[in-house]
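Close look at the chain arrangement
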Amino acid sequence: MDSSAPPGSPLVFARDLARTGNNPNALTRAVRRSELARIAPGSYMSRQHWDALNEIQRTVQRARAASERWKSAPVFSHWTAAAIHGMPLIGAWPARLHVIIDCTSSVRSRGEIVRHAIGVDADDVVLIDGMIVTSVARTVLDLAVDATFMSAVTAADFALCHKREARIEKSELGEVWQNRVPFRGHVRSRRVLDFASHLAESPLESGSRVNMHLLGFPPPELQVEWRDYRGLIGYSDFFWGAFNRVGEADGRAKYFDDEMARGKSLKQILFDEKVREDRVRALGPGFSRWDWDIGMNPRKLKPFLLAGGLPILTRR
């Protein structure tokens, strides 16, 4: 089927079938037979392709469908912009698309679209795969206003991460924030920007750090270098120098993601981690390692860290 979707896009539009003389009802029948998935009004994709996508990829496809369908190009923002930028967030991705409209607009959110009448400067938008999207810095700032503290910090940490070639500087976030002041949520968003770090390397590290903060544990140092007589051991996710405690937050990707494994078998990865941990322990610090189930659950993380010798210093 011909369509006006971008090259390589799996999207199929009902309007294009009508233009070529085909019956658009054929799409409805294909949906009933589970051959196609309806992802937006008048927009379809093969069921097999749709089922293989994750939440971020599905959000991007819905945005692309809307961008192709609307007469005037929307400015995608918030969670939708985060998906298009490939930002990992914690929590469920909203099914509705988020766009920014002019501050004076009276058009309200409805259906699949959430409209934010907050306006945006030309310098704060970029073009990605034919879609107009708020910049990384502006996206982080908008999420810092409207998302949960944890999700917003995760987005900010990702944008700043020292391992990303396309990372931005914290000063850039501060500049975008300053240019908008005063605005709704400027105090809340400032707390997110101040808390964010370029040293967090995964959503689990970001989420764990937020939970530590909310629970009142002392703030850790991030990515501390460890060496012994053999040389560099590596860098620990967290270290509490006053309590001589190392913390490691390990997600499944570390052991099961082929790209991160770099050709190593699971047995080799586990062995290498054991050797690394043993070398760090030999230097004297205690060692705590947790996964997503503990790090993202305050009720589990609290007793886990207390058992590791870390105190709660403040009540939040």
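In the block above lies the structure referred to throughout.
What this report covers is the structure whose coordinates are included nearby. (Residues numbered from 1 in each chain as written. Predicted model: local features only at pLDDT ≥ 70, side-chain atom pairs only at ≥ 80, totals over all residues. Heavy atoms only, no water.)

What follows concerns the pairing of strand S2 (residues 36-40). Burial analysis of S2 places four of its five residues in the buried class, which makes it a mostly covered element. Inspection of the sheet shows S2 paired to strand S3 (residues 43-46) by four bridges, in the antiparallel sense. Bridge pairing in S3 places Leu-36 opposite Ser-46. Between S2 and S3, which pair antiparallel and follow one another directly, the connecting turn spans two residues, one of which, Gly-42, has a positive phi of 75°. (Buried < 20%, exposed > 50% of the residue type's maximum accessible area, 1.4 Å probe, protein only. Helix = DSSP H or I, 4+ residues; strand = E, 2+ residues; numbered from the N terminus. Pairing = 2+ DSSP bridges.)

So, on to the sheet that holds S3. The antiparallel open sheet is built from three strands, whose spatial order is S1-S3-S2. Bordering the open sheet on either side are strand S1 (12-13) and S2, each of which pairs with just one other strand. In this sheet, S3 lies alongside S1 in antiparallel orientation, the contact comprising two bridges. Each bridged residue has a counterpart across the sheet, and for Val-12 the counterpart in S3 is Tyr-44. Packing against the sheet, helix H2 (residues 25-32) makes contact with S1, S2 and S3, and its axis sits at approximately 115° to S2. (Contact = heavy atoms within 4.5 Å. Axes fitted to C-alpha atoms, helices over the stretch in contact; angles between N-to-C directions.)

What follows deals with the side chain of Thr-59. Within the fold, Thr-59 resides in helix H4 (residues 55-69). Residues in contact with Thr-59, not counting those within four places in the same chain, are Thr-80, Ala-83, Trp-93, Pro-94 and Leu-97.

This part takes up the packing of aromatic side chains. Counted according to the given criterion, the structure contains five aromatic pairs. Judged by centre distance (6.0 Å) and plane angle (75°), the rings of Trp-290 and Phe-304 are edge-to-face. Placement of Trp-290 in strand S12 (residues 286-290) and of Phe-304 in helix H15 (residues 298-307) is noted, with a sequence separation of 14 residues between them. Taking the relative accessible area as the measure of exposure, Phe-304 reaches 25% and is therefore partly exposed. Lying over the aromatic face of Phe-158, Arg-164 brings its terminal NZ or CZ to 4.2 Å of the ring centre. A cation sits over an aromatic face here: Arg-180 above Phe-183, 4.3 Å from the ring centre. (Phe/Tyr/Trp six-rings, centres within 6.5 Å; stacked < 30°, edge-to-face > 60°. Lys NZ or Arg CZ within 6 Å of the ring centre and 35° of its normal.)

Okay, the nonpolar core next. In this structure, Phe-76 and Val-140 are the most contacted members of the largest nonpolar core, which totals 36 residues. In terms of residue count, the dominant contributor to this core is helix H6 (residues 136-146) (six residues). For Val-140, the residues in contact, after removing those within four places along its chain, are Met-87, Ala-155, Ala-156, Ala-159, Leu-173 and Leu-193. Ranked by size, the runner-up nonpolar core spans 22 residues in total, among them Ile-90, Leu-222, Trp-240 and Leu-305. (Core = buried A, V, L, I, M, F, W, Y, C linked by side-chain atoms within 4.5 Å.)

For the pair H4 and helix H5 (residues 78-85), the least separation of the axes is 8 Å and the interaxial angle reads 110°. Classified by the angle between their axes, H4 and H5 sit roughly perpendicular to one another. Counting all contacts with H4, which are made through Ile-56, Thr-59, Val-60 and Ala-63, the residues of H5 involved are Thr-80, Ala-83 and Ile-84. Considered class by class, the residues forming the contact of H4 with H5 number five nonpolar, two polar and no charged. (Parallel < 35°, antiparallel > 145°, perpendicular 65-115°, else oblique. Nonpolar A, V, L, I, M, F, W, Y, C, P; charged D, E, K, R; others polar.)

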